[in-house]
2 protein chains.
Amino acid sequence: MKKIVLASKSLDRGRILREARVPFSILISKVNEVPFKKRLSNNPIKLVEELAKAKALSAKLTLMENRKESIIIAADTIIEFKGEIIGKAKDENQAFQILRKLAGNAHNLITGVAITETSNPKIIVDHDSTTVKFLNLKDHEIWNYVKTGEWRGRAGCYSARDKASLFVDMIIGSTSNVIGLPLHKVYEILKKEFNVDLLKNSN
Amino acid sequence: MKKIVLASKSLDRGRILREARVPFSILISKVNEVPFKKRLSNNPIKLVEELAKAKALSAKLTLMENRKESIIIAADTIIEFKGEIIGKAKDENQAFQILRKLAGNAHNLITGVAITETSNPKIIVDHDSTTVKFLNLKDHEIWNYVKTGEWRGRAGCYSARDKASLFVDMIIGSTSNVIGLPLHKVYEILKKEFNVDLLKNSN
């Protein structure tokens with residue numbers, strides 16, 4: 001199978017690929033996200049798609065310089081709640097405020113995904129959106145969760161797979177997208193556009 | 001925190017509790033499921049609730065004989081597709097036939113959950129239902145999946161967390177229920193009925 005490079009430092013995205021037994025390596029691409037976020041603050045879908053594309057192209061450049069043949073998968077995730085884009089928290093207080101907004105409500109988790117390969121000018125960009133509803137939580141429950149530290153480095157300050165599965169009431173959409181990588185989309189894009197079959201190449 | 005016993009041999013259920021960092025031990029309870037399945041073949045919700053209850057009570061009896069104080073969590077999962085109850089497959093051919101039915105369609109995954117404790121006559125029984133939709137799959141794709149062996153011991157012959165996340169298109173409902181234990185229900189029942197707060201008692 002062609003080598004797969006995940007252009008993401010997200011441990012959660014790596015975890016999804018590992019659980020699906022997809023062999024891959026990681027290359028963290030450096031993209032300055034600030035201008036994207038300023039320009040596209042009113043268009044969350046376009047924002048995550050453009051960020052995923054920029055990450056994929058940055059990784060592709062590095063790999064081409066090193067003459068390494070690879071498929072590159074990049075992604076970017078944000079949370080949208082009542083028209084507002086919610087990212088990561090800087091400290092416990094901010095995490096508490098974000099989780100307090102989300103508790104008892106539904107929000108949308110949107111991931112942009114971009115796939116390209118070093119030997120091919122083709123780049124496919126797509127997105128997936130999942131609605132996530134939390135149980136009602138009292139302030140002390142939110143603080144108990146904040147203290148677990150799971151909020152760190154995560155858009156929306158939770159990990160639906162771990163302790164937060166205690167209060168993720170329901171979702172509508174892709175389960176892997178909730179963790180940051182819509183794997184069914186990746187599977188279909190790789191199969192149709194890059195002739196890679198992740199089901200066939202099991203290990 | 002009170003000791004928690006999971007009355008289930010399901011590796012998936014244990015995985016959910018471990019990921020949520022809930023300390024627990026396992027006690028496999030022996031329940032003859034055949035009479036339940038005969039009697040309640042037309043009522044999937046009642047079937048999983050009664051099986052979960054029987055498993056919980058069987059485990060409770062063993063623990064009481066050994067004078068061990070514990071909270072007991074038991075569960076039973078089935079898949080319902082167009083009015084038919086779908087369980088586990090016996091061999092690869094049966095797994096292929098089951099997955100072929102489910103491919104491109106939506107099915108319901110229903111889990112009954114029963115919670116009790118050794119020192120308390122109270123037993124709470126509830127259920128959760130999640131709709132799961134698969135991508136369309138060609139026969140050779142289904143065979144590729146069957147060859148992974150993930151179908152073994154699983155109702156509906158898939159593990160939404162692992163290789164099957166490549167073709168789980170979307171779900172409506174609880175993500176932990178898809179793996180066999182609706183953790184948000186367990187969290188609420190333990191909090192309201194047994195004075196146990198799984199968020200507070202993080203480890």
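Residues numbered from 1 in each chain as written. Chains lettered and ligands numbered in written order. Predicted model: local features only at pLDDT ≥ 70, side-chain atom pairs only at ≥ 80, totals over all residues.

Draft legend 1. Structural view of the overall build of chain A. In terms of regular secondary structure, chain A is built from 7 helices and 7 strands. Each helix and strand of chain A, ordered N terminal to C terminal, gives the series β-α-β-α-α-β-β-α-β-β-α-β-α-α. In summary, chain A has a C-alpha radius of gyration of 17 Å against a globular reference of 17 Å for 203 residues, a match within 12%. Along the first, second and third principal axes, the C-alpha atoms of chain A reach 55 × 40 × 25 Å. Relative to its 203 residues, chain A shows a buried fraction of 49%. (Helix = DSSP H or I, 4+ residues; strand = E, 2+ residues; numbered from the N terminus. Rg over C-alpha atoms; globule rule 2.2 N^0.38 Å. Buried ≥ 20, exposed ≤ 12 C-beta atoms within 10 Å, placed from the backbone.)

Draft legend 2. Highlighting the interface of chain A and chain B. With 34 residues of chain A in contact, the opposing surface of chain B contributes 34 residues. Residue assignment for the side of chain A that touches chain B shows that the elements contributing at least two residues are α1 (11-19), α5 (139-146), β7 (168-173), α6 (175-178) and α7 (183-193) of chain A. Top element by residues in the side of chain A that touches chain B is β7(A). It accounts for 6 residues. Along the lines of polarity and charge, the residues of the side of chain A that touches chain B split into 16 nonpolar, 9 polar and 9 charged. Where β7(A) meets strand β7 (residues 168-173) of chain B, 3 bridges bridge the pair, whose relative direction is antiparallel. Pairing of A:Ile171 across the sheet is with B:Gly173, part of β7(B). (Contact = placed C-beta atoms within 7 Å. Nonpolar A, V, L, I, M, F, W, Y, C, P; charged D, E, K, R; others polar. Pairing = 2+ DSSP bridges.)

Draft legend 3. Examining the relation of the copies chain A and chain B more closely. Overlaying chain A with chain B gives an RMSD of 0.0 Å, the required rotation being 180 degrees about an axis along which the chain moves by 0.0 Å. Taken together, the rotation and translation describe the operation of a two-fold axis. Among all residues of chain A, the one whose C-alpha sits closest to the rotation axis is A:Ile172, at a distance of 2.2 Å. Most of the interface of chain A is mirrored in chain B, where 100% of its interface residues are also at the interface. (Least-squares fit on C-alpha atoms with pLDDT ≥ 70 in both.)

Draft legend 4. How the structure looks around the packing of helix α4 (residues 92-102) of chain B against helix α5 (residues 139-146) of chain B. Residues and elements named next belong to chain B. Interaxial distance between α4 and α5 falls to 10 Å at its minimum, and their mutual angle equals 130 degrees. Relative to α5, α4 is oriented oblique. By crossing handedness, the relation of α4 to α5 is classed as right-handed. In contact with Glu92, Ala95, Phe96, Leu99 and Arg100 of α4, α5 contributes Ile142, Trp143, Tyr145 and Val146. (Axes fitted to C-alpha atoms, helices over the stretch in contact; angles between N-to-C directions. Parallel < 35°, antiparallel > 145°, perpendicular 65-115°, else oblique. Left-handed = near helix turned anticlockwise from the far one by under 90°.)

Draft legend 5. Looking closely at α1(A). Residue and element names in this part refer to chain A. Arg13, Ile16 and Leu17 are the residues of α1 that are buried. Mapping the buried residues of α1 onto a view down its axis gives an arc of 95 degrees, with all of them on the same face. Residues of α1 that are buried sit in contact with β1 (4-6), β3 (71-81), α6 and α7. (Arc of directions from axis to C-beta.)

Draft legend 6. Focus on the pairing of β7(B). As judged from the 4 bridges shared by strand β6 (residues 120-134) of chain B and β7(B), these two strands associate in the antiparallel manner. By the bridge assignment for β7(B), B:Lys133 is matched with B:Met170.

Draft legend 7. Representation of the environment of B:Asn136 within the structure. All names here are of chain B. Checked against the element boundaries, asparagine 136 lands in the loop between β6 and α5. C-alpha separation for the pair asparagine 136 and valine 168, spaced 32 residues apart in sequence, amounts to 9.8 Å. If we skip the residues at most four places from it in the chain, asparagine 136 touches Ala103 and Gly104.

Draft legend 8. Quick look at unusual backbone geometry. Residues and elements named next belong to chain A. At lysine 82, a residue that is not glycine, the phi angle is positive and equals roughly 50 degrees. Tracing the backbone through its elements, the reader meets lysine 82 in the loop between β3 and β4 (84-86). Judged by local crowding, lysine 82 falls into the exposed class, with 10 C-beta atoms found within 10 Å.

Draft legend 9. Summary view of the pairing of strand β5 (residues 106-117) of chain B. Residues and elements named next belong to chain B. Where burial is concerned, most of β5 is hidden: 9 out of the 12 residues are buried. In this structure, strand β3 (residues 71-81) lies alongside β5, joined through 10 bridges in antiparallel fashion. In the sheet register, alanine 74 faces β5, and the bridge partner there is alanine 114. Examined bridge by bridge, β5 and β6 share 12 bridges and lie antiparallel to one another. For asparagine 108, the partnering residue across the bridge sits in β6 and is threonine 131. A loop of 2 residues connects β5 with β6, the two strands running antiparallel in sequence.

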